[in-house]
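# Examination of the molecular architecture
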4 protein chains.
Amino acid sequence: MIELPPAPACAFASDNAAGAHPSVIDAIVRANVGHQLAYGSDAHTAEAGARFRDLFGPTAESFLVWNGTGANVMSLATVIHPAEAVVCSEWAHIAVDETGAPERALGAKVMTLPSVDGKVRPEQLDALAHFIGDQHHAQPGVLSITQSTELGTVYTPDEVAALCDTAHRLGMRVHLDGARIANATAALGGTIQALRSFTVDAGVDVVSFGGTKAGLVGGEAVVFLNPALASRAKYVRKQVNQLPSKMRFIAAQFNALLHDDLWIRLAEHSNAMGTRLYEATRSIDGLSFDAAPQVNSVFPCLSPEAIVPLQEWCFFWNWNAARDQVRWMTAWDTTPADVDRFAEGVRIFLAECN
Amino acid sequence: MIELPPAPACAFASDNAAGAHPSVIDAIVRANVGHQLAYGSDAHTAEAGARFRDLFGPTAESFLVWNGTGANVMSLATVIHPAEAVVCSEWAHIAVDETGAPERALGAKVMTLPSVDGKVRPEQLDALAHFIGDQHHAQPGVLSITQSTELGTVYTPDEVAALCDTAHRLGMRVHLDGARIANATAALGGTIQALRSFTVDAGVDVVSFGGTKAGLVGGEAVVFLNPALASRAKYVRKQVNQLPSKMRFIAAQFNALLHDDLWIRLAEHSNAMGTRLYEATRSIDGLSFDAAPQVNSVFPCLSPEAIVPLQEWCFFWNWNAARDQVRWMTAWDTTPADVDRFAEGVRIFLAECN
Amino acid sequence: MIELPPAPACAFASDNAAGAHPSVIDAIVRANVGHQLAYGSDAHTAEAGARFRDLFGPTAESFLVWNGTGANVMSLATVIHPAEAVVCSEWAHIAVDETGAPERALGAKVMTLPSVDGKVRPEQLDALAHFIGDQHHAQPGVLSITQSTELGTVYTPDEVAALCDTAHRLGMRVHLDGARIANATAALGGTIQALRSFTVDAGVDVVSFGGTKAGLVGGEAVVFLNPALASRAKYVRKQVNQLPSKMRFIAAQFNALLHDDLWIRLAEHSNAMGTRLYEATRSIDGLSFDAAPQVNSVFPCLSPEAIVPLQEWCFFWNWNAARDQVRWMTAWDTTPADVDRFAEGVRIFLAECN
Amino acid sequence: MIELPPAPACAFASDNAAGAHPSVIDAIVRANVGHQLAYGSDAHTAEAGARFRDLFGPTAESFLVWNGTGANVMSLATVIHPAEAVVCSEWAHIAVDETGAPERALGAKVMTLPSVDGKVRPEQLDALAHFIGDQHHAQPGVLSITQSTELGTVYTPDEVAALCDTAHRLGMRVHLDGARIANATAALGGTIQALRSFTVDAGVDVVSFGGTKAGLVGGEAVVFLNPALASRAKYVRKQVNQLPSKMRFIAAQFNALLHDDLWIRLAEHSNAMGTRLYEATRSIDGLSFDAAPQVNSVFPCLSPEAIVPLQEWCFFWNWNAARDQVRWMTAWDTTPADVDRFAEGVRIFLAECN
């Protein structure tokens, strides 16, 4: 029986195992005053709209929604045309982790492209061109990319721009699944200009802007950077079950998170904890890593016999069973002590195993 | 220019214009501790499951979701069979006020039955029997009733039981849209036994259990009273975008609301305010009412010229334009003073108009 | 036991109980020569395209499909926008007789309007205007009218034009379900100009052009009169299972039917048989009629005790059980002798009953 | 300029470029007598039902439909459960060549498995087991295999049985896309017992039984070998636009094709022509083949410069652009002279090219 230090509970399971930032909780408390019209006709929602225009420019149209799957489905359902397909990486959350929600809501094919790092390449889009105009094939209609990706990588602004150029040239629209857009923004410089560089400046049409993993109790936003595509958005939001009635409480959370770039500061911290975890474990015998983390997750491979006991000690998720790969993820509230304790436990356990 | 008393802002617009009960807010604050696994693998959600079993019996299976439309869509999508229709009253929220969400998610017809009071009658179901077995018609598959109804009426337990008997005899399942199930429970006696009398004891298969209008920040539950129908429920919840990630925050709200029957006490108050409003306005010249309220809404008809100025003074919603009918609705936090002030304003305005 | 003349088998059940016109059969035989590319890249299909342009003008785009439900679904799926509803009469085939196919394929609400004669009125559309722009309601998007209607009535060209004007003013598109467009054309003058008067000249956007009931073995066409709406049509056709592979055989049938206005001549005969049947039975005691037939169906009401025995003698369909109303329908091949024999049988039976 | 022999027009484009067998045409002619009830209530359809029971056993339930995509969609829609996925090879017609029809009609994910020969392997299904029970993933619900496959290969009965065993063990149902089931039956012995060996005896639940490519004008059948799964089938058929009204004409075609095993004899001929084509071209310089054909198609790779001129001479389809691979396909009516002439043209052209 190996003796391990006390585990920081669920600390590296996922960024949605974390709670909410205190200022977000405080915003909920403060918004709980009197009656305000439901469904977005309130002052908090108006403020959130202004804050998203501050981020993305004066024509951006934002729609607050419940959750990430909902944000993705609403985005795609609003911009897809009949008989089109959504194109994405084989690792995309919309393809793998949403129980077929896009297929159900859109009635459309989700077409996956192979990828070793979670990114789509322009030449992969070009290779779909032979489908275009052929009545026997679902027509490539919307490119959906994830930033930061499901594999913890980050597209450069130039990579996103090249994808947008190719997609638009092929008649496609571009959706960015930004469940962890804060982490990507932090990784690319931690400024509003960084955010813009890989979104509105790169040509992205619509963004799922993640709030929950960034520190909210719950809430996401769909932001149309191409407002010409937003004309059906408010109806689609309701139709896909994503219209919050007491919307002030979602808006107030976002207003707190977006205030003074708190969302970027929290993501910078989360990313730094990811790096700290990598540095603290990279040289442990029995672990191997593909690359240093760009955001808040590391994906070590380790002996399959070690995985279950370590999970029982301090739970984390399997990632790729074929490679004995797991995922350790930090959050806005991960402490250096959590990281160090966890790394120490792993080190002790693997040393004893060998 | 008519001089009116200061208006209680939006006080009678809707029960979702109200905020959340302080104990619900407090529960959110208290749940915000440390990391807990997402998607329902947390202690708060386990407690909520136990609370729903306390309400509905030991085999009831509950699933927490975001909102009312989502709860309805998830319920229906879980229990409907291929090529079936959902049958409901012509006033049903699912038919009128959900932007076609059921049709989109289910790919099924929503078949409406005429109703003067928001209720469906067993003989209306029997009249659909000639569709059964005919390949040219969508097959009546799920009866959806609303309790309390969209018109502020309440089914007696016997009425629900008779509908369930008829529906089951025809091979249909029964869904109860309980966005205001608290108000109905309060109206029928204000006890758990009252709740059971028109749900599990009457034969209802699945319930959308409303939390938001009852005093939450946001959250509903789908409760399968017939657990044999729940086998696909958890997958369907995710597929229709209704799986909250930081679910502890939804669960904690429900745990506060369900504690010590708070939800019933709040609904009793809301209903009492509806009655107070009716009593305070029923004799005003220029108003007419179909009936005394059974729950927390009154539906006066008044001169169309009076509607807009009164809405500008203290906003409320139009209901049935063909009858110049509007809706005044109370909430868990409506005060007697709100009611009296509003009634006084209406009285003054209509007296001056005439 | 009443002695009745030998019944003409199923002669008045429906126009789809008839077989195909000999020249249609002959066209199939003649098209069965050698190899031709599938899916419409053949000379027969090219000819059919030209024939539809002759009917509707040089910009009309036609797409051959299998059946009426398919034609309707393809038409609607091509022109509807996200979160819109299809609006039609409560008697519309798409609403009542297609087992929910539109809801399944479109994921959209089919919104029915009350009607005593199967027709929609412009003021009914105008009354939907209050839905427009309200995020809680499916948006009226496509008006679908049936010509001739399911109740055997015929819109005048002015009536269709007024509906199209109103619909277009409200931002809607207009679909015409022409399962019996031949009968309507015959009723309105029996010329190509008559056809145009209530379709392209009236402002209809897309037509389901019926072939099967007009004398084909099987085949319908979707014709876009507004070609700007057709850009997704070929993909949608395949996606809703309506792309025939050996399309030459559908095209050849249409080429025979459209040759020398055969389709109009057959419909004129069918309509004349409807009138003959009405004249031969209108004065029979025990039958009552709402109106003289405009096309090829009559809808008598008669004693419920008489319906089943008469159906056993010579099958026909019930229509409206609430009124003891049935439907007798003639076809392109109904003979005067069929009509007279049937009328005589009905007369004898009802005389004996009374 | 290379001189080539006169080309047999489109002779090797596809088996759906062929016409219909004369006895099929004759059956249409003979069925065109008098009135018969529509939608399957006719004697021809009753006979077809009996013929399918002769093929598959006394409990098989058959449903005649229009086309292959429709047959597949109807099969899948009838047997899938909510939130399930369809699993198939990456080459499956349902995944690649149906414009997303399954996703639209089912609202379900089509999950593809890599395959070099068009076949799925049991261990690939077993590898999906980790999805089962996880609410974040579409649940593997229906395995769809194609026999003969899109790559011209044929599953052995044992292979199908092993797949069915694995699928059933995992709680899945099994669909067989038999657009070319005749060719597979011919390849496996050319008897009814051969047909049964890889369908009902192997445990397949539902079959799309191809008629069009086997020699019909147009028509397919969905045959439930597991009749317990057929209870919703007739409604689903109508709902997915696949209910022919003058069904006698589809039934009569099948009755001719199934008479005296004509369908097997035609497929044996077609397969033999495929083999003849392979033998006549396998040694031509400039062509390479993966394998000898098992049914009626060969898939040569050749110099990309040669493909277009040869297509202009005698059209055939590209198959896999990445490998410069094309498809040559024979049909029920391909003659030895067609084959020899085509092979000679290819030989002359490639000899001149080199």
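An account of the accompanying structure is given in this report.

Cut-offs applied
- Residues numbered from 1 in each chain as written.
- Chains lettered and ligands numbered in written order.
- Predicted model: local features only at pLDDT ≥ 70, side-chain atom pairs only at ≥ 80, totals over all residues.
- Heavy atoms only, no water.
- Core = buried A, V, L, I, M, F, W, Y, C linked by side-chain atoms within 4.5 Å.
- Buried < 20%, exposed > 50% of the residue type's maximum accessible area, 1.4 Å probe, protein only.
- Contact = heavy atoms within 4.5 Å.
- Least-squares fit on C-alpha atoms with pLDDT ≥ 70 in both.
- Helix = DSSP H or I, 4+ residues; strand = E, 2+ residues; numbered from the N terminus.
- Pairing = 2+ DSSP bridges.
- Buried area = accessible area lost by both parts, 1.4 Å probe.
- Salt bridge = Lys/Arg side-chain N within 4 Å of Asp/Glu carboxyl O.
- Phe/Tyr/Trp six-rings, centres within 6.5 Å; stacked < 30°, edge-to-face > 60°.
- Lys NZ or Arg CZ within 6 Å of the ring centre and 35° of its normal.
- Polar contact = N/O pair within 3.5 Å; in protein donor to acceptor, adjacent residues only side chain to side chain.
- Nonpolar A, V, L, I, M, F, W, Y, C, P; charged D, E, K, R; others polar.

In terms of nonpolar packing, the biggest core is built from 140 residues, with Phe52, Phe209 and Trp263 of chain C together with Phe52 and Phe209 of chain D touching the most fellow members. Not counting chain neighbours up to four residues away, the residues in contact with tryptophan 263 of chain C comprise Leu55, Ile181, Ala182, Thr185, Ile192, Leu195, Phe209, Leu257 and Leu258 of chain C. Ranked by size, the runner-up nonpolar core spans 138 residues in total, among them Ile28 and Ala85 of chain A together with Val204 and Leu266 of chain B.

Time to look at the relation of the copies chain B and chain D. Superposing chain B onto chain D requires a rotation of 180° together with a translation of 0.0 Å along the rotation axis, leaving an RMSD of 0.0 Å. When the rotation and shift are considered jointly, the pair of chain copies conforms to a two-fold rotation axis. Mapped onto chain D, 100% of the interface residues of chain B are again interface residues, and the two copies thus contact each other with one and the same surface.

Attention now goes to the pairing of strand E7 (residues 220-224) of chain B. Residues and elements named next belong to chain B. In terms of burial, E7 is a largely internal element, five of the five residues being buried. As paired elements, strand E1 (residues 61-65) and E7 share five bridges and run antiparallel to each other. For phenylalanine 63, the partnering residue across the bridge sits in E7 and is valine 222. Looking at chain direction, strand E6 (residues 206-210) and E7 are connected through five bridges and run antiparallel. Bridge pairing in E7 links phenylalanine 209 to alanine 221.

Each partner contributes to the interface: chain C provides 54 residues, whereas chain D provides 54 residues. Between chain C and chain D, roughly 4400 Å² of surface is buried when both sides are summed, and carbon and sulfur atoms account for 53% of that area. Broken down residue by residue, the surface that chain C buries against chain D is led by His35, Arg104 and Lys246 of chain C, which jointly contribute 20%. Connecting chain C to chain D are zero salt bridges.

The transform that puts chain C on chain D rotates by 180° and translates by 0.0 Å along the axis, for an RMSD of 0.0 Å. Of all interface residues in chain C, 100% are interface residues in chain D too; the two copies therefore contact each other through one and the same surface.

The next subject is the packing of aromatic side chains. A complete count under the given rule lists 62 aromatic pairs over all chains for this structure. Ring centres of tryptophan 313 of chain A and phenylalanine 342 of chain A lie 5.5 Å apart, and the angle between their planes is 15°; this geometry places the pair in the stacked category. In this pair, tryptophan 313 of chain A sits in helix H13 (residues 304-313) while phenylalanine 342 of chain A sits in helix H14 (residues 336-353), placing the two residues 29 residues apart along the sequence. Residue classification places tryptophan 313 of chain A among the buried residues on the basis of a relative accessible area of 16%. Grouped by ring-pair contacts, the aromatic residues Phe12, Trp313, Phe316, Trp328 and Phe342 of chain A constitute a single cluster. The ring centre of tyrosine 39 of chain B lies 5.3 Å from the NZ or CZ of lysine 238 of chain B, which sits over that ring.

Further remarks concern the pairing of strand E12 (residues 325-329) of chain C. Residue and element names in this part refer to chain C. When you tally the buried positions in E12, you get five out of five residues, the bulk of the element. A two-sided burial pattern is seen for E12, the buried positions comprising Gln325, Arg327 and Met329 on one face and Val326 and Trp328 on the other. With two bridges connecting them, strand E9 (residues 297-298) and E12 associate as antiparallel partners. Residue pairing for E12: valine 298 is matched across the bridge by tryptophan 328. Between the antiparallel neighbours strand E11 (residues 317-320) and E12 lie four residues, among them aspartate 324 with a positive phi of about 55°.

Looking at the element boundaries, phenylalanine 131 of chain A is found in the loop between helix H6 (122-126) and strand E4 (139-146). Every residue in contact with phenylalanine 131 of chain A, bar those within four places of it in the chain, is listed here: Met111, His137, Ala138, Gln139 and Pro140 of chain A.

Turning our eyes to something else, we now look at the environment of serine 208 of chain D. Residue and element names in this part refer to chain D. Along the polypeptide, serine 208 turns up in strand E6 (residues 206-210). A residue is classified by how much of its surface remains accessible, and serine 208, at 2% relative accessible area, is buried. Spatially, the C-alpha atom of serine 208 lies 16 Å from that of proline 244, the residues being 36 residues apart in sequence. Not counting the four nearest positions on each side in its chain, serine 208 is found in contact with Ala71, Asn72, Ser75, His175, Leu176, Asp177, Gly178, Ala179 and Ala221. Of note is the side chain of serine 208, whose polar atom sits 2.7 Å from the side chain of asparagine 72.

The next point concerns the interface of chain B and chain D. With 21 residues of chain B at the interface, the matching set in chain D holds 21 residues. Here chain B packs against chain D, burying approximately 1900 Å² in sum over the two surfaces, 51% of which is carbon and sulfur. On the chain B side of the contact with chain D, Gln135, Arg232 and Tyr235 of chain B bury the most area, a combined 35% of that side's loss. Counting across the chain B and chain D interface gives two salt bridges. In this structure, glutamate 84 of chain D and arginine 232 of chain B form a salt bridge, with 3.9 Å as the shortest nitrogen-oxygen distance. Between chain B and chain D we count 10 residue pairs in polar contact (both at pLDDT 80 or more) in total. Of the residues forming the side of chain B that touches chain D, the biggest block, six residues, is contributed by helix H10 (residues 233-239) of chain B. Counted by class, the side of chain B that touches chain D contains seven nonpolar, eight polar and six charged residues.

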